[in-house]
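Structural description and commentary
Residue strings, one per chain:
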Amino acid sequence: MQKGKVVLKVCHLYPDLLNLYGDRGNVMAYVRRCQWRGIEVEVHRINLGDPVDFREMDFLFLGGGSDREQNLMAKDLENRRELLQAAVEDGLVVLAICGGYQLLGKYYRTLEGHVIPGLGLLDFYTEAGRERMIGNVVVELEIEGEHVRVTGFENHAGRTFLGQISPLGRVLVGYGNNGEDGTEGARYKNVFCSYLHGPLLPKNPRLTDHLISLALMRRGLPAELAPLDDRLERVAAEVMLKRLLM
Ligand code: GLN
């Protein structure tokens, strides 16, 4: 790919509200791994009320937020439902973490019984439980037919139960969606949902690159990415996996 020829548009939705446990590191990793390969990136930071047509975007990131923050953005998100649905059906690449993930489903019920309606774009619901699910996680997922282990950190009260939708992966260590059924996250078209903050992408370059390739493919561009020097990330992952899988 020739330098400077391609510009990917990254939409960071509610960066001021949804930014738990360094979630914005996911956007930074996505952007840097594009730039290191000569792919230009424009980052659009979209806050409450800011206009955006998701179909023009290449990568949408929604981070995690507490119940309070979810309440604040739920109405605004609802106003964007049609545009977002159209973009998702059109293959928009989305990464949604924890609080952002929960609101793409049917609803999130807090411990106090308050129901925050979700967009209903994906078939799952979430209900808060008394014990928070906190800790490091290892998840096995499939990327282009290859089994990949990703690591991260989770901290949520919500238990998510999937309907007719695939999980993102299988929990090897940690709680994942609900601590019961061994599933973690959700996957629909190019939408990836996960409970892993961590942040997820800086720790798991294979997944980051997959999300970049999918965005390029959607634009009809060559999706093969030049390899980068990931020695640091690999060693960090190995240390983490060894500790957690012992
Ligand atoms: N409020 C949600 C929960 O506790 C999301 C929290 C988060 O994004 N970490 O389940």
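Residues numbered from 1 in each chain as written. Predicted model: local features only at pLDDT ≥ 70, side-chain atom pairs only at ≥ 80, totals over all residues. Heavy atoms only, no water.

Below, the discussion takes up the nonpolar core. Residues Y30 and L104 are the most contacted members of the largest nonpolar core, which totals 70 residues. Setting aside chain neighbours within four positions, we find L104 in contact with L62, L84, A96, L119, G120, L121, L122, F124, V191 and C193. Counting residues in hydrophobic clusters, the runner-up holds 5 residues, among them V173, M240, L241 and L244. (Core = buried A, V, L, I, M, F, W, Y, C linked by side-chain atoms within 4.5 Å. Buried < 20%, exposed > 50% of the residue type's maximum accessible area, 1.4 Å probe, protein only. Contact = heavy atoms within 4.5 Å.)

Attention now moves to the UniProt feature "binding site: substrate" (unreviewed entry) in the protein chain. Per the UniProt entry, the sites bearing "binding site: substrate" (unreviewed entry) are R132 in this numbering. Inspection of the secondary structure assignment puts R132 in strand β7 (residues 124-143). R132 gets classed as partly exposed once you look at its relative accessible area, which sits at 44%. Here R132 is in contact with N155, H156 and A157, once residues within four sequence places are set aside. Of note is the side chain of R132, whose polar atom sits 2.9 Å from the side chain of N155. (UniProt positions renumbered as here; feature names shortened; annotations may be inferred. Helix = DSSP H or I, 4+ residues; strand = E, 2+ residues; numbered from the N terminus. Polar contact = N/O pair within 3.5 Å; in protein donor to acceptor, adjacent residues only side chain to side chain.)

For helix α3 (residues 81-89), the complete set of buried residues consists of L84, A87 and V88. The arc that holds every buried residue of α3, seen down its axis, measures 100 degrees, which confines them to one face. Tucked inside the fold, the buried residues of α3 contact β3 (59-62), β4 (93-97), β11 (186-188) and β12 (191-194). Downstream of α3 by a residue or two, G91 has a phi angle that is positive, lying close to 95 degrees. (Arc of directions from axis to C-beta.)

Another aspect to go through is the environment of D67. You can see D67 is positioned in helix α2 (residues 67-79). Looking at D67, the relative accessible area reads 28%, which means it is partly exposed. Sequence separation of D67 and M246 is 179 residues, and the distance between their C-alpha atoms is 34 Å. Contact partners of D67, with chain neighbours within four places excluded, come to Y108, T110 and I116. In terms of polar contacts, D67 uses its side chain to reach the side chain of Y108, at 3.1 Å.

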